[in-house]
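# Chains, contacts and geometry: an overview
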Number of protein chains: 2
Amino acid sequence: MTHTKIRFAVTGLNHGHIYGQTSSMLAAGAEAVCFYASEDDLATKFSSAFPQISRVDTLKRILEDESIQLVLNAGIPVERAPMGIKVMQHGKDYMVDKPGLTTLEQLAELRKVQAATGQIYSVCYSERFWSRAAAKADELIQEGAIGTVIQTLSMGPHQRNFPSRPDWFFSKEKYGGILTDIGSHNFDQFLHFTGSTAAEIVSSQVANFHHPQYPELEDFGDVVVRGDRGVGYIRVDWFTPDGLGVWGDGRLFITGTDGYIELRKYIDIAGRPGGEHLFLIDQKGIHYFDCNDVPLLYAPRLIDDILNRTESAMTQAHSFLAMELAVKAENMADRLGNLQKLEQP
Amino acid sequence: MTHTKIRFAVTGLNHGHIYGQTSSMLAAGAEAVCFYASEDDLATKFSSAFPQISRVDTLKRILEDESIQLVLNAGIPVERAPMGIKVMQHGKDYMVDKPGLTTLEQLAELRKVQAATGQIYSVCYSERFWSRAAAKADELIQEGAIGTVIQTLSMGPHQRNFPSRPDWFFSKEKYGGILTDIGSHNFDQFLHFTGSTAAEIVSSQVANFHHPQYPELEDFGDVVVRGDRGVGYIRVDWFTPDGLGVWGDGRLFITGTDGYIELRKYIDIAGRPGGEHLFLIDQKGIHYFDCNDVPLLYAPRLIDDILNRTESAMTQAHSFLAMELAVKAENMADRLGNLQKLEQP
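Remember, predicted model here, so these are calculated numbers, not experimental data. (Residues numbered from 1 in each chain as written. Chains lettered and ligands numbered in written order. Predicted model: local features only at pLDDT ≥ 70, side-chain atom pairs only at ≥ 80, totals over all residues. Heavy atoms only, no water.)

Now for the overall build of chain A. Counting its regular elements, chain A contains 11 helices and 15 strands. In terms of overall size, chain A behaves like a compact globule, its C-alpha atoms giving a radius of gyration of 20 Å where 345 residues would be expected to give roughly 20 Å. For chain A, the spread of C-alpha atoms along the principal axes amounts to about 55 × 50 × 40 Å. Looking at chain A as a whole, 63% of its 345 residues qualify as buried. Considering only residue pairs separated by 6 or more positions, chain A has 70% of its internal contacts joining residues 24 or more positions apart. As displayed, chain A offers around 12500 Å² of accessible surface, 50% of which is attributable to carbon and sulfur atoms. Computed over 32 positive and 44 negative side-chain charges, the separation of the two mean positions in chain A equals 1 Å. (Helix = DSSP H or I, 4+ residues; strand = E, 2+ residues; numbered from the N terminus. Rg over C-alpha atoms; globule rule 2.2 N^0.38 Å. Buried < 20%, exposed > 50% of the residue type's maximum accessible area, 1.4 Å probe, protein only. Contact = heavy atoms within 4.5 Å. Areas by Shrake-Rupley, 256 points an atom, 1.4 Å probe, with all protein chains shown as cover. Lys, Arg positive; Asp, Glu negative; His and termini not counted. Charge placed at Lys NZ, Arg CZ, Asp CG, Glu CD.)

Below you can see the structure in the form of structure tokens.
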């Protein structure tokens, strides 16, 4: 990979992921030109983290600056696709926090505009792209360490922090539902690690088991998904207990014909310190890998793709398909009430 | 619990679980009267493990011995229910290895005979009853350690050892299918830990992904199940790699409204030695429990139940319902071919 400097701008500061998106691009050698936000409080916070990035007073200043090649966005989920369409129509690539869209109508429009413009619409599936353990899993699977992958089983529990969440977090129309939102990470991992390029939802369900005070919150969801190269199970929830000490005990089990891999991405409960733990069990034995030194390749690869019009960070088809599956699973999900109201079968 | 000596006999030595069934009853103070087996090789092996238990030459000697209160069985799965019917009709209780039956027709007949005779038909769900970590989970959940249980997620990978397996192991009609057989353990755990007394199968699938040389083997299966008190996901497979060192990395995740529990029943990969590991994460912190000293209560409770006609080891309804769900999941499962033949969705 050879990096010429690329120039990027930032808009949509609503989700904290924008900080990781920005710093990963800076670390990969990209140059930040400016940012736009209508919200003063979010802008002040962003400016104090990145004082070198100046705020501009209209979005137009970004869209019409022909020197800007890439726009980063972590806006309110329902607004991410419309912004991406504008960005692509202005001849720029787009890196957006997941969920990269919230409805199938948005997806259809995005596919049309993306095909017409040839711009990159890259959904930043951070639970893979920012996980060094996941990067190590890539390496091991490519070496044939577990044979052919059969199934991925991923658990994405998240910490509530509800008092600190903005209003849009509790509006289904705005965040898209639990499978669309935090579920989408897991569809990305399923497609990626099985190598599937087509898939269907076998079953999906969402619930608000325990938070009636937030009627549009879904605090639990799960999905069985079947691809052309393997199967997957996904569970997401907002039940991380405060005692865990990190935001979630994210796990990924990858079962192959000749072994399996477990990722303990953010914590090894009552085990080794820190995150980025990978366990490989093969026909010969049990192998532990501390992945803290494994490089993260998403940002540098995206820069390559912007410069060379390649798809090394992620194919466009994958970027969209993971979101399509997430929204389809959300749309067709059985909706369960609270625990007391589970239907008597 | 007060134990008067009860007297038991053994028949059906086809699955090795019969050794654990027998020794657990002996350890709980029951008296072994005799055993019957038509297979000389199995009888010789059993006699050398339990030289104090004499072999009788006909089943009749067991069925017609009025001093015998309980019969243990780990026969070929398809033959377990017919034997249990005979046993109950002779006024004796029955403790049978899982799967306790292989078809819904057997179950209907069993329910009829059990109701008419009032005998106990106890399916020995050994992945719970013989797990000290599972016994500890009972204790913690009863104390409210994780609030109300929302979901169980269990993984039951098993080691192949195919060359050493008898012919019936590869005959679907005889072993009942992967969800009926090793899946049934997990339905037991789902019902038990959620407290559900009614449930339905949301989706199920089985596959022979990688063993075309055994056309009736199912090497993978999974299920989403929904009960009146919580939901469950179950995955079973025959993909334990030889390097693991134990027969399976059996895991159970129990998610509650206020915390979660993980059981690493048989091994803590690259972690603590031995088995019986329980991890509890609650609002206060992360707690590890070595459960090797937790008592197993199934056998002593079953003795109580035999003496007092109670249901302390397990209710009869539960014993049957776990099997009913397993067989229903098996019957309705989508059947996937090998990995190369996964349908293009």
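A common way to state how big an interface is: give the accessible area lost once the parts meet. Residue and element names in this part refer to chain A. Each domain of chain A was delimited in the assignment, giving domain 1 (7-124) and domain 2 (128-295 + 329-337). Once you take the C-alpha centre of each, domain 1 and domain 2 turn out to be 25 Å apart. Between domain 1 and domain 2, the residue contacts involve 16 residues of the former and 13 residues of the latter. Counting each side, the surface lost to burial between domain 1 and domain 2 is near 1200 Å², with a carbon and sulfur contribution of 68%. Where domain 1 touches domain 2, the interface holds one salt bridge. Note that Lys98 is salt-bridged to Asp181, the shortest N-O span being 2.5 Å. Seen at the junction of domain 1 and domain 2, the total is two residue pairs in polar contact (both at pLDDT 80 or more). At the level of elements, α1 (17-27), α4 (77-89) and β6 (121-124) are the ones that each hand at least two residues to the side of domain 1 that touches domain 2. Examining the composition of the side of domain 1 that touches domain 2, we find that four residues originate from one element, α1, more than from any other. Split by residue class, the side of domain 1 that touches domain 2 holds eight nonpolar, seven polar and one charged. (Domains from an automatic or database assignment. Buried area = accessible area lost by both parts, 1.4 Å probe. Salt bridge = Lys/Arg side-chain N within 4 Å of Asp/Glu carboxyl O. Polar contact = N/O pair within 3.5 Å; in protein donor to acceptor, adjacent residues only side chain to side chain. Nonpolar A, V, L, I, M, F, W, Y, C, P; charged D, E, K, R; others polar.)

To continue, consider the sheet that holds strand β1 (residues 7-11) of chain A. Residue and element names in this part refer to chain A. Strand order in the open sheet formed by six strands is β3-β2-β1-β4-β5-β6, and the pairing between neighbours is parallel. Taken across any chain shown, the strands that pair with only one partner, and hence form the sheet edges, are β3 (54-55) and β6. Pairing analysis gives four bridges linking β1 to strand β4 (residues 70-73), with the strands arranged parallel. Looking at β4, one finds that Ala9 is bridged to Val71. (Pairing = 2+ DSSP bridges.)

This part takes up the relation of the copies chain A and chain B. Expressed as a screw operation, the relation of chain A to chain B combines 0.0 Å of axial shift with a rotation of 180°, fitting to an RMSD of 0.0 Å. What the rotation and shift describe, once combined, is the action of a two-fold rotation axis. Looking at the rotation axis and the C-alpha trace of chain A, the residue lying nearest is Ser203(A), at 3.1 Å. Most of the interface of chain A is mirrored in chain B, where 100% of its interface residues again form contacts. (Least-squares fit on C-alpha atoms with pLDDT ≥ 70 in both.)

Moving on: the layout of surface pockets. Taken as a whole, the largest pocket spans an internal volume of roughly 810 Å³. Lining the largest pocket we find 30 residues, and of these His15(A), Gly16(A), His17(A), Arg165(A) and Trp247(A) sit closest to its centre. (1 Å grid on protein atoms, 1.4 Å probe; cavity = no way out; pocket = protein on both sides within 12 Å on 5 of 7 lines; lining within 4 Å. Points joined across faces, edges and corners; volume = space filled by probe spheres on them.)

On the chain B side, the residues contacting the 62 residues of chain A number 62 residues. Scanning the region where chain A abuts chain B turns up four salt bridges. Asp334(B) is paired through a salt bridge with Arg226(A); the nearest N and O atoms lie 2.7 Å apart. Remark: the boundary between chain A and chain B carries 23 residue pairs in polar contact (both at pLDDT 80 or more).

Side chains that are nonpolar tend, in soluble globular proteins, to be buried together. Counting 85 residues, the largest nonpolar core has Met25(B), Phe46(B), Leu70(B), Tyr121(B), Phe187(B) and Leu302(B) as the members making the most contacts within it. With eight residues, the top contributor of residues to this core is helix α11 (residues 316-332) of chain B. Per-domain counts for this core show at least three residues from each of domain 1 (7-124) and domain 2 (128-295 + 329-337) of chain B. Apart from residues no more than four positions distant in its own chain, Tyr121(B) is found in contact with Arg80(B), Ala81(B), Gly84(B), Met88(B), Tyr94(B), Val96(B), Gly100(B), Leu110(B), Gln316(B), Ser319(B) and Phe320(B). Counting residues in hydrophobic clusters, the runner-up holds 79 residues, among them Ala32(A), Val33(A), Phe129(A) and Val225(A). (Core = buried A, V, L, I, M, F, W, Y, C linked by side-chain atoms within 4.5 Å.)

To continue, consider the sheet that holds strand β9 (residues 220-227) of chain B. Residue and element names in this part refer to chain B. If you walk across this open sheet you meet the nine strands as β14-β13-β12-β11-β7-β10-β9-β8-β15, and the pairing is mixed. Two strands in the sheet have a free side with no partner beyond their single neighbour: β14 (286-290) and β15 (334-336). With direction set aside, neighbouring strand axes in the sheet form an average angle of 10°. Where strand β8 (residues 199-207) meets β15, three bridges bridge the pair, whose relative direction is parallel. Paired with Gln205 across the two strands is Asp334, which belongs to β15. Against the sheet, helix α9 (residues 182-194) touches β7 (149-159), β8, β9, β10 (230-240) and β11 (251-256), its axis set at about 155° to β10. (Axes fitted to C-alpha atoms, helices over the stretch in contact; angles between N-to-C directions.)

All names here are of chain A. The final tally for this structure, using the stated rule, is 48 salt bridges over all chains. Two residues, Lys328 and Glu324, come together in a salt bridge whose shortest N-O distance is 2.8 Å. Separated by four residues within a single helix, Lys328 and Glu324 lie in helix α11 (residues 316-332), roughly one turn from each other. With relative accessibility at 36%, the residue Lys328 sits in the partly exposed group.

Looking now at the side chain of Asp222(B). As for its placement among the helices and strands, Asp222(B) is situated in strand β9. Arg226(A) provides the closest opposite charge to the buried, unpaired Asp222(B), separated from it by 7.0 Å. Among the polar contacts listed, one links the side chain of Asp222(B) to the side chain of Tyr233(B), at a separation of 2.6 Å. Not counting the four nearest positions on each side in its chain, Asp222(B) is found in contact with Gln151(A), Val224(A), Leu179(B), Ser203(B), Ser204(B), Gln205(B), Tyr233(B), Ile234(B) and Arg235(B).

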